[in-house]
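# Reading the structure
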Amino acid sequence: MSQTLHAHSPYSLAFTPNELSARWIKVAESEVPQPGERPVYQIRFEFSCGKKVKSARIRATAQGQYQLFINGVKIGDEELTPGSTDYGVQIAVQTFAVTNLVDKNAIVILLGDGWFRSIMGAFKQPNNFGTHVAVLAQLEITYEDGSIEIIGTNKSWRVGTSHITSADLILGQSEDRRLINSASYKAGFDDSAWAQPEEISVDAVLVSQFAPPVRATEEITPVSIKRISKDVQVVDLGQNINGWMRLLDLGPAGTQVTLIHGEVLDAHGDVTREHLILDMPQFGKQDAGQVDRVISAGIAGDYFEPQFTTHGFQFISVLGYPRDLTINDLRGIVVHSDLKKTGWFESNDARLNWLHEATVWSLRDNMCDVPTDCPTRERAGWTGDWQIFAPTAAYLFDVNDFSRKWLADVVVGQREDGAVPNIAPPDFMGSFKGPMAGINASAGWGDAIIAVPLAMYEEYGDTRALEECWDGAQKWIDFGLHRAKTLRHPDREKLRPVAAAHEEFLWDSPYHWGEWLEPGVDVSDFGVLLTADRSDVATAYLHRSAKQMVIAGKILGKPDSVVAYFQKVAGNTKNAWQKEFITANGLLDPDTQAHYVRALDFGLVPDELRTKFVDRLVELVRAAGTHLGTGFLTTPYLLPVLADNGHLDLAFELLFQDTPPSWLAMRNRGATTVWELWEGINEEGKAFASLNHYSKGAVISFLHRYIAGLVATKPAYQEFVVAPKMHADIKNVSTRHITKYGEITVAWKLDGKAFTLNVTAPQGTSGKAILPDGSEHVIKVGTNTFTC
């Protein structure tokens, strides 16, 4: 077992070299069951304490997912432990205090596939980190006389199957409650007929968990239940969530109930999961999963709560339930990383309030130990998603340690040449070892290795993420430069057989996702997707990341020569971008909204062309019927770019646009979370792709920073400005944000022509208020009121 952390790791070792005496034990399966047929195993051991116990703790982890019991009592309230990491490199260990539980003891561990062996990713690949599940646990008892006893997993423990007959994070969970033997959780049970585990060695380093764990954070009562046929009842929670259902009455013994979870209903009013199945016949037929099954034991008070899976859903089709369900029979259990909430927004406008809450829900549903893209189809930690959304997320929740934990997997997943994986931790198919390795290292995705740490510094004033990722970010920039210098896109070679001098800094090959999911752009042709030239996006990101390295280098006190190097890279990439994409008539090719927004936001525009670029962006928006045309990467910057360049009115028009593509079109079609596609549900009610992707919700930073007007001018809001931007429909707005210094509150209202702004500033901060009449005022610690 490795005892070496990677350089600048945020983790600490879970065990010192001499502390660990427990052994990894693997469930010996003669043949690995197929996904959806893999049981949750029950592993147990008995012991007695012969003396008075002073203290006791247990440290545990798994290659798989585990739950821990001592004398029939479940230990801890964490879910999905040990969590999602790159299991081949580092595995998190949880520590639990169990002093009051040890006496005549039985330790029981339920062990399932979890993140380690469940199907994951777009290709529904199982066994991403291994083919057999294993567990390690070490109980340390300190007695009153000062002696210490260590009890650890080894081959003398026993293995059986539990009442959970199958479990997979995406496919779902099946239980036969009749198989529960409560005696097996207590001392005195005869397990002599159970199997013996196999002791194994594991190379990954064991690390102490430091990020907030996943927990059940909320219970939701259904808003309606409708019987649509003799055997099917459809439950509506009224909210798209991540988690599972708790079924409180299971019916007579032998009753078989199936729960099918989904985000949307079909034309017949039943749950459909068709939109969650990617059309990729070359990879075989996919199973959308999200199906749980339970057989009742007929015991009063018994209930079903499948904690070895998790689903993204608002609706549940319940099959086989013996009577009409009531809303008191079920609860939706919301499950995500238990992060402290730090940001709120409210206004008199229901549309803005919906947009904010839909985004918050999408974020909650996708903060499941890693920042996932969706809680349904893939559940993957795409780097591009968090690169876009991290600044917005940091206003809403304390995501500092959550991000640092995830970035640790980005760093260890980085290839030696500097290529950054698209997904961290990776699923096998899309990893550098898998058949889709070639689509990794995309600009806009890999840039998360510098963009996210810088966002954490700006929000929290904490340099740790920057320090932990600095070396990796350097390697990423150098990787992009090497690709730019040594590779040329085939289309460019045909157009210009002899490379122009600036092409040394033009990054065009071999693959980038590009803007991704622009309205009207078809991405279904995989061949075109893999071969398109997206150098306009990649070179722009290489430039921005170099500029961010300059900022980070100064923050971290790097040598002047290092800072100067990245300044030179930023200059060279800017020059290459301008020479390649600014046309003779002073516009851009490609002539798209996204290209102009990125140019204006990233500082790529020559001063003399700024007005022309802004005017062209406005023309493109108007030509689209006052609709946005941005995709995945530039949507967060569209409204700020317009507002900062004299077109606040147009920014508001886009914000309040309610026909697709737009945010409010989602509201009009019943969304409670933000969609992956601008038209995730069409006019006929047919769903497409994920209906729970937070990325497009990054627009709510416009609500915080422009409508409420709160902007940090020094890291962690040590200094800030409040400058609200007005719209005729908005009469009152409030935002609250908890900073490292305390809570800042901003509330303004417009009563006729009388404007009132109230700001509360915590000790250690200072600010400036800029009112709609242009007057400026000092914000002091405490409560401030300004009028105009």
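Residues numbered from 1 in each chain as written. Predicted model: local features only at pLDDT ≥ 70, side-chain atom pairs only at ≥ 80, totals over all residues. Heavy atoms only, no water.

### Some thoughts on the overall build of the protein chain
Helices and strands together make up the secondary structure of the protein chain, namely 16 helices and 34 strands. By the compact-globule yardstick of 28 Å for 788 residues, the protein chain fits well, its C-alpha radius of gyration being 28 Å. Counting only C-alpha atoms, the protein chain reaches 85 × 60 × 60 Å along its principal axes. Within the span of the protein chain, comprising 788 residues, buried residues form 60% of the whole. Restricting the contact set of the protein chain to residue pairs at least 6 apart, pairs at least 24 apart contribute 73%. (Helix = DSSP H or I, 4+ residues; strand = E, 2+ residues; numbered from the N terminus. Rg over C-alpha atoms; globule rule 2.2 N^0.38 Å. Buried < 20%, exposed > 50% of the residue type's maximum accessible area, 1.4 Å probe, protein only. Contact = heavy atoms within 4.5 Å.)

### Details of the pairing of strand 33 (residues 776-779)
Strand direction decides the pairing type here: strand 32 (residues 766-770) and strand 33, joined by four bridges, are antiparallel. The residue bridging Ile 770 from the neighbouring strand is Glu 776, located in strand 33. If you look at the hairpin formed by strand 32 and strand 33, you'll find five residues sitting between the two strands, and Gly 774 has a positive phi there, around 90 degrees. (Pairing = 2+ DSSP bridges.)

### So, the packing of aromatic side chains
Tallied over the full model, the rule gives 28 aromatic pairs. A centroid spacing of 5.2 Å and a plane angle of 75 degrees characterise the contact between Phe 69 and Tyr 185, whose relative ring orientation is edge-to-face. Of this pair, Phe 69 sits in strand 4 (residues 65-70) while Tyr 185 sits in the loop between strand 12 (172-176) and strand 13 (198-200), and the two are 116 residues apart along the sequence. With respect to class, Phe 69 is no different from Tyr 185; both count as buried. Aromatic side chains Phe 652 and Phe 656 sit 6.3 Å apart centroid to centroid with 10 degrees between the ring planes, which places their arrangement in the stacked category. (Phe/Tyr/Trp six-rings, centres within 6.5 Å; stacked < 30°, edge-to-face > 60°.)

### Section: the packing of helix 13 (residues 635-644) against helix 14 (residues 648-656)
Closest axis-to-axis distance for the helix 13/helix 14 pair is 7 Å, and the angle between their directions is 155 degrees. By the angle class used here, helix 13 and helix 14 are roughly antiparallel. When helix 13 is examined against helix 14, the residues Leu 638, Leu 639, Leu 642 and Ala 643 are found in contact with a partner set consisting of Leu 648, Leu 650, Ala 651, Leu 654 and Leu 655. Each residue belonging to the contact of helix 13 with helix 14 can be placed in one class, and the counts come to nine nonpolar, no polar and no charged. (Axes fitted to C-alpha atoms, helices over the stretch in contact; angles between N-to-C directions. Parallel < 35°, antiparallel > 145°, perpendicular 65-115°, else oblique. Nonpolar A, V, L, I, M, F, W, Y, C, P; charged D, E, K, R; others polar.)

### A word on the UniProt feature "domain: Bacterial alpha-L-rhamnosidase N-terminal" (unreviewed entry) in the protein chain
Residues annotated by UniProt as "domain: Bacterial alpha-L-rhamnosidase N-terminal" (unreviewed entry) correspond here to residues 51-218. Between the end C-alpha atoms of residues 51-218 there is a gap of 41 Å, over a span that is 2% helix and 46% strand. (UniProt positions renumbered as here; feature names shortened; annotations may be inferred.)

### Looking at the pattern of salt bridges
Evaluated as defined, the whole model comprises 48 salt bridges. Residues Arg 178 and Asp 176 are paired through a salt bridge, measuring 2.9 Å at the closest nitrogen-oxygen approach. Accessibility expressed as a relative area gives 48% for Arg 178, which makes it partly exposed. Linking Glu 776 and Lys 768 is a salt bridge whose minimum nitrogen-to-oxygen distance equals 3.7 Å. Relative accessible area serves as the criterion here: at 32%, Lys 768 is assigned to the partly exposed category. One network of salt bridges, in which partners are shared, links Arg 488, Arg 492, Arg 496, Glu 503, Asp 508, Asp 533 and Glu 580. (Salt bridge = Lys/Arg side-chain N within 4 Å of Asp/Glu carboxyl O.)

### Description of the sheet that holds strand 33
The mixed open sheet is built from four strands, whose spatial order is 27-28-32-33. Only two strands of the sheet have a single neighbouring strand rather than two, namely strand 27 (710-712) and strand 33. Averaged over neighbouring strand pairs, the angle between their axes works out to 20 degrees when direction is ignored. Two elements, strand 28 (residues 719-722) and strand 32, share four bridges in a ladder whose sense is parallel. In the sheet register, Phe 720 faces strand 32, and the bridge partner there is Gly 767.

### Quick word on the layout of surface pockets
Approximately 1200 Å³ is the volume found for the second largest pocket. Together, 41 residues line the second largest pocket, and Pro 391, Glu 458, Asp 601, Tyr 637 and Arg 705 are the ones closest to its centre. For the lining of the second largest pocket, the secondary structure elements donating two or more residues are helix 3 (383-396), helix 5 (448-460), helix 9 (535-555), helix 11 (593-602), helix 13 and helix 16 (700-707). Among the elements that make up the lining of the second largest pocket, the one with the highest residue count is helix 3 (eight residues). Considering only residue class, the lining of the second largest pocket consists of 25 nonpolar, eight polar and eight charged. (1 Å grid on protein atoms, 1.4 Å probe; cavity = no way out; pocket = protein on both sides within 12 Å on 5 of 7 lines; lining within 4 Å. Points joined across faces, edges and corners; volume = space filled by probe spheres on them.)

### Things to note about empty space enclosed by the protein
Inspection of the entire model under this criterion finds four cavities of 30 Å³ or more. Taken as a whole, the largest cavity encloses approximately 130 Å³ of empty space. Around the largest cavity, the lining is made up of 15 residues, and of these Met 120, Arg 379, Pro 425, Pro 426 and Asp 427 lie nearest the centre. Lining the second largest cavity are Tyr 11, Pro 82, Thr 85, Ala 92, Gln 209, Phe 210, Ala 211, Pro 212, Asp 369 and Lys 405.

### Looking at the sheet that holds strand 30 (residues 742-751)
Taken in spatial order, the five strands line up as 24-29-30-31-34 in an open sheet, and their pairing is antiparallel. The two strands at the open ends of the sheet, each matched to only one other strand, are strand 24 (343-347) and strand 34 (782-787). Neighbour-to-neighbour, the strand axes of this sheet turn through a mean angle of 10 degrees, independent of strand direction. Where strand 24 and strand 29 (residues 732-739) come together, five bridges link them in antiparallel fashion. Paired with Ser 347 across the two strands is Val 733, which belongs to strand 29.

### Digging into the domain arrangement of the protein chain
According to the domain assignment, the protein chain contains domain 1 (23-210), domain 2 (215-335) and domain 3 (717-785). Here domain 2 and domain 3 have C-alpha centroids that lie 45 Å from each other. (Domains from an automatic or database assignment.)

### Details of the packing of helix 5 against helix 9
It is at 10 Å that the axes of helix 5 and helix 9 come closest, and there the two elements cross at 45 degrees. One finds that helix 5 runs oblique with respect to helix 9. Handedness of the crossing formed by helix 5 with helix 9: left-handed. Contacts between helix 5 and helix 9 involve Ile 450, Ala 451, Leu 454 and Tyr 457 on the former and, on the latter, Arg 544, Ser 545, Gln 548, Met 549, Ile 551, Ala 552 and Ile 555. Residue composition of the contact of helix 5 with helix 9, grouped by class: eight nonpolar, two polar and one charged. (Left-handed = near helix turned anticlockwise from the far one by under 90°.)

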